[in-house]
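Residue strings, one per chain:
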Amino acid sequence: MKFQGTQNYVATQDLMLAVNASITLKRPLLVKGEPGTGKTMLAEEVSEALGMPLLQWHIKSTTKAQQGLYEYDAVSRLRDSQLGDERVKDIHNYIVRGVLWQAFTAEQPVALLIDEIDKADIEFPNDLLREIDRMEFYCYETRELVRAKHRPLVFITSNNEKELPDAFLRRCFFHYIKFPDAETMKQIIDVHFPGSQEGAADRRDEDLLRRAQPARPEEKAQHLRTAGLAQAAGGRGHSAGSASEHRQQGLGAAAGGCAAQERAGRDLVREAGVHEPEEPMTAPNRMLLEGVSDAVGFVGGALAGYWLGRLFGLDVFAPGYGTASILGILLVGLGGGVGLQAARRWRSARQAGSSQDKQSP
């Protein structure tokens, strides 16, 4: 029994080696990796390739280990006893078998998927140590030992959001699925979307040519900077050239991405008289600018009011609360308010000027 990959799943050599090693060593395969790297699908494809039924146990934050073994429905038994149901005499009628019980008592070897085990409580893996290691557990209600008829092929997945206990890790065969490289990604796309990459380069080229003459000035500046189409500057005596020449120049500059092409694009933007759009200010930076400008305006105005009061003999720090002291305090507050309003007017004028620069061609 050996896993060689399937037509619907692109498995790397190290992943196939990990699966086969887990089968040989009869240990659960703990698979970690980023979301979307195919951890859950691995169990589905391996079970299908090996001809095994697949039992799935999807873990949530509220999942308990006991639910995977069995649950005793005492409420239903109490209700049936009140109604005089004969089923109440056999406690087996009220034992709800979990996924592990079903896997242990299956008549043929099965594959068991414990999906996203890191979502559960930290004690969840510790509660399954004996069951995972010895493949058995004890049911206290029926006083029976449930032992696996055939050792299931166990897959345990984790998004690496939470560290698992060392005692649990020692009982598993570990493998980390790396994010696929470019070549592997192409194979995955071909498997799930056959023929989707045919003509992809032509569609990408047509998209670049379609954006060769943007309508808005900021789009024009961005296009000149990235694609490097010298013909967009206009009025400089350069020949328009053919459409194929435009296409080659644009693709060459866009694919290069080097510093020289970036500087050339910026020079073309300046020569064409197109204003590059400024990067929009983020919310934290805007709040910081508003706070600093308000503070500077208020403190500056308050200091001006204080020294103006001192000039007229109104000392804020004069002993007692006389008329001179109160007038000095009012003058300081008035100066702070005037400074605060001045700072806000300056900020509004700055934003208005920036908006006009963006709208002007």
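Data block above holds the structure.
In this text, all values refer to a predicted model and were calculated from it rather than measured experimentally.

Student: Explain the sheet that holds strand 1 (residues 29-33) to me, please; I cannot follow it from the model alone.
Tutor: One open sheet holds the 5 strands; their spatial order is 2-5-8-1-9, and the pairing between them is parallel. Single-partner strands in this sheet number two, and they are strand 2 (54-58) and strand 9 (173-177). The mean angle between the axes of side-by-side strands here comes to 20°, regardless of whether they run parallel or antiparallel. The pairing of strand 1 with strand 8 (residues 153-158) spans 4 bridges and is parallel. By the bridge assignment for strand 8, Val 31 is matched with Thr 157. Each of strand 1, strand 8 and strand 9 is contacted by helix 1 (residues 13-25), which is oriented at about 165° to strand 9, the strand it contacts most. Where helix 2 (residues 39-50) meets the sheet, it contacts strand 1, strand 2, strand 5 (111-115), strand 8 and strand 9, and its direction lies at approximately 165° from that of strand 8.

Student: Teacher, can you tell me more about the pattern of salt bridges here?
Tutor: Oppositely charged side chains are able to pair whenever their charged atoms sit close together. The tally for this structure, following the rule as stated, stands at 9 salt bridges. Here Glu 86 makes a salt bridge to Lys 89, at a shortest N to O gap of 3.1 Å. Here Glu 86 matches Lys 89 in class, with each residue exposed. The salt bridge partner of Glu 116 is Lys 119, with a shortest N-O separation of 2.6 Å. Beyond isolated ion pairs, a larger network of salt bridges with shared partners links Arg 79, Asp 80 and Arg 87.

Student: What is the right way to read the nonpolar core from this model?
Tutor: Soluble globular proteins tend to pack their nonpolar side chains together in the buried interior. Judged by nonpolar contacts, the single largest core of 29 residues is most densely connected at Trp 57, Ile 114, Phe 124 and Ile 156. Residue assignment for this core shows that the elements contributing at least two residues are helix 3 (65-69), helix 5 (99-104), strand 5, helix 6 (129-134), strand 6 (136-139) and strand 8. Not counting chain neighbours up to four residues away, the residues in contact with Phe 124 comprise Trp 57, Ile 59, Thr 63, Lys 64, Ala 65 and Ile 117. Val 31, Ala 43, Leu 50 and Leu 113 belong to the second largest nonpolar core, which has 20 residues in total.

Student: Looking at this structure, how should I read the packing of aromatic side chains?
Tutor: Two numbers describe a pair of aromatic rings. These are the distance of the centres and the angle of the planes. Per the stated rule, a full pass over the model turns up 7 aromatic pairs. Between the aromatic rings of Tyr 70 and Trp 101, the centroid separation amounts to 5.9 Å while the plane-to-plane angle is 90°, which identifies the pairing as edge-to-face. Of the two residues, Tyr 70 is situated in strand 3 (residues 70-72) and Trp 101 in helix 5; the sequence distance between them amounts to 31 residues. The exposure class of Trp 101 is buried, given its relative accessible area of 3%. Between the aromatic rings of Phe 104 and Phe 137, the centroid separation amounts to 6.0 Å while the plane-to-plane angle is 40°, which identifies the pairing as tilted. You can see Phe 104 sitting in helix 5 and its partner Phe 137 sitting in strand 6, a full 33 residues away along the chain. Assigned by exposure class, Phe 104 and Phe 137 land together as buried. An aromatic cluster is defined as three or more aromatic residues linked by ring pairs; in this entry it consists of Tyr 70, Trp 101, Phe 104 and Phe 137. Above the ring of Tyr 94, the side-chain terminus of Arg 87 is found at 5.3 Å from the ring centroid.

Student: I tried to follow helix 13 (residues 283-311) on my own but got confused; where do I start?
Tutor: Since the α-helix packs 3.6 residues into each turn, any two residues three or four apart lie on the same face. Taking 1.5 Å of rise per residue, 29 residues should cover 42 Å, and helix 13 covers 42 Å from first to last C-alpha, within 8% of that figure. Here helix 13 has its buried residues at Ser 293, Asp 294, Gly 297, Gly 301, Ala 302, Gly 305, Tyr 306 and Gly 309. Where helix 13 terminates, the next one or two residues include Gly 313, which has phi positive at roughly 80°.

Student: Any chance you could explain a nonpolar patch on the surface here in plain terms?
Tutor: Nonpolar side chains collect at one region of the surface, where Phe 298, Val 299, Leu 303 and Trp 307 lie side by side and expose about 430 Å² of accessible area between them. Here Leu 303 lies in helix 13.

Student: When you look at the side chain of Asp 115 in this model, what are you seeing that I'm missing?
Tutor: Tracing the backbone shows Asp 115 in strand 5. For the buried residue Asp 115, which engages in no salt bridge, the nearest side chain bearing the opposite charge is Lys 39, 6.9 Å off. Here the side chain of Asp 115 touches Thr 40 through a polar contact of 3.0 Å, side chain to side chain. Non-local contacts of Asp 115, meaning those with residues more than four positions away in its chain, are made with Thr 40, Trp 57, His 58, Ile 59 and Thr 157.

The rules behind each value
Residues numbered from 1 in each chain as written. Predicted model: local features only at pLDDT ≥ 70, side-chain atom pairs only at ≥ 80, totals over all residues. Heavy atoms only, no water. Pairing = 2+ DSSP bridges. Helix = DSSP H or I, 4+ residues; strand = E, 2+ residues; numbered from the N terminus. Axes fitted to C-alpha atoms, helices over the stretch in contact; angles between N-to-C directions. Contact = heavy atoms within 4.5 Å. Salt bridge = Lys/Arg side-chain N within 4 Å of Asp/Glu carboxyl O. Buried < 20%, exposed > 50% of the residue type's maximum accessible area, 1.4 Å probe, protein only. Core = buried A, V, L, I, M, F, W, Y, C linked by side-chain atoms within 4.5 Å. Phe/Tyr/Trp six-rings, centres within 6.5 Å; stacked < 30°, edge-to-face > 60°. Lys NZ or Arg CZ within 6 Å of the ring centre and 35° of its normal. Expected span 1.5 Å × (residues − 1). Patch = residues over 30% accessible without salt bridge, like charges linked within 9 Å, V, L, I, M, F, W, Y side chains within 5 Å. Areas by Shrake-Rupley, 256 points an atom, 1.4 Å probe, with all protein chains shown as cover. Lys, Arg positive; Asp, Glu negative; His and termini not counted. Polar contact = N/O pair within 3.5 Å; in protein donor to acceptor, adjacent residues only side chain to side chain.

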